[in-house]
Amino acid sequence: MQSLAKRCTTIGAAALAATSSVAFADWQLDMTPGVTDISQQVFDLHRTMLWWCVGIGIIVFGAMFYSMLMHRKSKGHKAEQFHESTTVEIVWTIAPFIILIFMAIPATRVLIAMSNTDDSALTIKITGSQWKWHYEYLEWEGKGNLGVDYYSVLSTPNEQRFRPVRSSGLFPKGIEKESYREDGNYPEMEALYKRDVDKPLVIPTDRKVRFLITSDDVIHSWWVPDFAIKKDAIPGFINELWTQVPNDKPGLYRGQCAELCGKDHAFMPIVVEAKSVDDFDAWLTTAREEQEAAELAAANSLDKTFTKEELMAEGEKQYMARCSACHQAGGQGLPPTFPALKGSAVAIGPVADHIRIVTHGKNAMPAFASMLKPKDIAAIVTYERNAWGNSPSDGVDVVQPRDVANQE
């Protein structure tokens, strides 16, 4: 009996703790209010509908429990025998209809506002692909052809983000022998280490920004909770969204792909950096200059001959960043979708076929021609043809940027 009382006391204490304001704050049960006007409208609409539903629930269940309590058989009441009551049917049909109308009016206003992309100062095309985002700046305050586009990918290296899984023995032996801290955690363990990207999407504050969203391969979904915007990226279709960050709320805002898009769906974060208009203009100018310099360097590299050591070093870096998620750091792959490169017919076969697959893609593998420069592709191909004990059957173990350009 004492044990039962103690158990009940423990359960009661747990229930009290669970219903405390602190516990609810930790659980984060409510929606985020967001930072934009639309996100606040969505939050207010959510709160309005929630309290309407609470009120309806109190009325309906209150009437039900009152009837059960006050008209029970033990009080001498007898159940009424009636059916096909026209009055009752009219009431329970019209009442919900009226409630839905009152709910639909504010909801429709918010949905129309969310869909209105008129008078946008900046237009950005967002293209999802496995597993990265491509951002193209199309128009800014009437100026088109901005000449700025780039890919945004998870900045955490694959050998770090897969380290906890590898240590569990799910990956080939030897990989789990990587160094750990004395407390048992891996050195890269930080709150955002799987939510940071190499290049965030940069937008201006106090300006309406229009997003055109599509996909290269499968269905993705671009979602930033603080903006209260989420839209599917569908191959062959262009969906529209917009946001406007207040001038007093610059900073970083995070989201992620919200559609199950493949094995690395969990590693497809979104980071948006909102800057003041002046800072955005300065960034846009710098980004354009850097892109022009990179294109010039890529063109100049076609006339250069790089050593095998240089290509191998750069190739390993590019492979780990671009290819190891599917083909693994050791080249083992994840058959049958992602074949092994160690000893594969592609990696040791004719070099022209190898370049063609990396450049134009095949099956689930994306085309890297639009993502990488000829030098980067040449480095990757050179690395794959020499790493893991590979020895090309045609004797071509070094690929130069001009070889890639000529193949295209």
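Heads up: these notes are all about the structure in this document. Just so you know, the residues in each chain are numbered from 1, in the order the chain's sequence is written. Only residues with pLDDT of at least 70 are given local features in this predicted model, and only at 80 or more are side-chain atom pairs given and counted; all residues enter the totals for whole chains, interfaces and linings. Hydrogens are left out, water is left out, and the side-chain values use all remaining heavy atoms of the structure.

## Some details on the packing of helix α10 (residues 351–360) against helix α11 (residues 374–386)
Helix packing geometry: the angle between the two helix axes and the distance between the axes.
Right, on to step 1. Viewed as axis vectors pointing N to C, α10 and α11 meet at an angle of 125 degrees, and their least axial separation amounts to 10 Å. With respect to α11, the element α10 is oriented oblique. In this structure, the crossing between α10 and α11 has a hand that is right-handed. Across the interface between the two elements, Val351, His354, Ile355, Val358 and Thr359 of α10 pack against Ile377, Val381, Glu384 and Arg385 of α11.
Right, on to step 2. Split by residue class, the contact of α10 with α11 holds 5 nonpolar, 2 polar and 2 charged. Here an axis means a line fitted to C-alpha atoms, over the contact stretch when the element is a helix, while the angle between two N-to-C directions is reported on a 0 to 180 degree scale. Secondary structure elements follow DSSP: runs of H or I no shorter than four residues count as helices, runs of E no shorter than two count as strands, and numbering proceeds from the N terminus. For this classification, under 35 degrees means roughly parallel, over 145 means roughly antiparallel, 65 to 115 means roughly perpendicular, and everything else is oblique. Definitions for this section: a left-handed crossing has its near helix turned counterclockwise from the far helix by less than a right angle. A right-handed crossing has that turn clockwise. Two residues qualify as a contact provided that any one of their heavy atoms is within 4.5 Å of a heavy atom in the partner residue. Think of it as three bins: nonpolar holds Ala, Val, Leu, Ile, Met, Phe, Trp, Tyr, Cys and Pro, charged holds Asp, Glu, Lys and Arg, and polar takes everything else, Gly as well.

## Quick look at a negative patch on the surface
Right, on to step 1. Together, Glu289, Glu290, Glu292 and Glu295 make up a negatively charged patch on the protein surface.
Right, on to step 2. By the secondary structure assignment, glutamate 289 is in helix α7 (residues 277–301). Patch rule: a residue counts if its relative accessible area is over 30% and it has no salt bridge; like charges are joined within 9 Å, and nonpolar side chains (Val, Leu, Ile, Met, Phe, Trp, Tyr) within 5 Å. In short, Shrake-Rupley with a 1.4 Å probe defines the accessible areas, and a residue's cover is counted only from the protein chains shown. A carboxyl oxygen of Asp or Glu within 4 Å of a side-chain nitrogen of Lys or Arg is what we treat as a salt bridge. Positive: Lys, Arg. Negative: Asp, Glu. His and the chain ends are not part of the count. Just so you know, the charge point we use is NZ for Lys, CZ for Arg, CG for Asp and CD for Glu.

## Re the pairing of strand β2 (residues 132–140)
Right, on to step 1. As defined by bridge partners, strand β1 (residues 122–129) adjoins β2 across 8 bridges and the pair is classed as antiparallel. From the neighbouring strand, isoleucine 126 faces β2, where its bridge partner is tyrosine 135.
Right, on to step 2. Linking two consecutive strands that pair antiparallel, namely β1 and β2, is a turn of 2 residues.
Right, on to step 3. The criterion for strand pairing is that DSSP finds at least two bridges linking the strands in question. Bridging between β2 and strand β3 (residues 143–152) involves 7 bridges; their strand directions are antiparallel. Bridge assignment links tyrosine 135 to a residue of β3, and that residue is tyrosine 150.
Right, on to step 4. From the end of β2 to the start of β3, which pair antiparallel, there are 2 residues, and glutamate 141 there has a positive phi angle of about 50 degrees.

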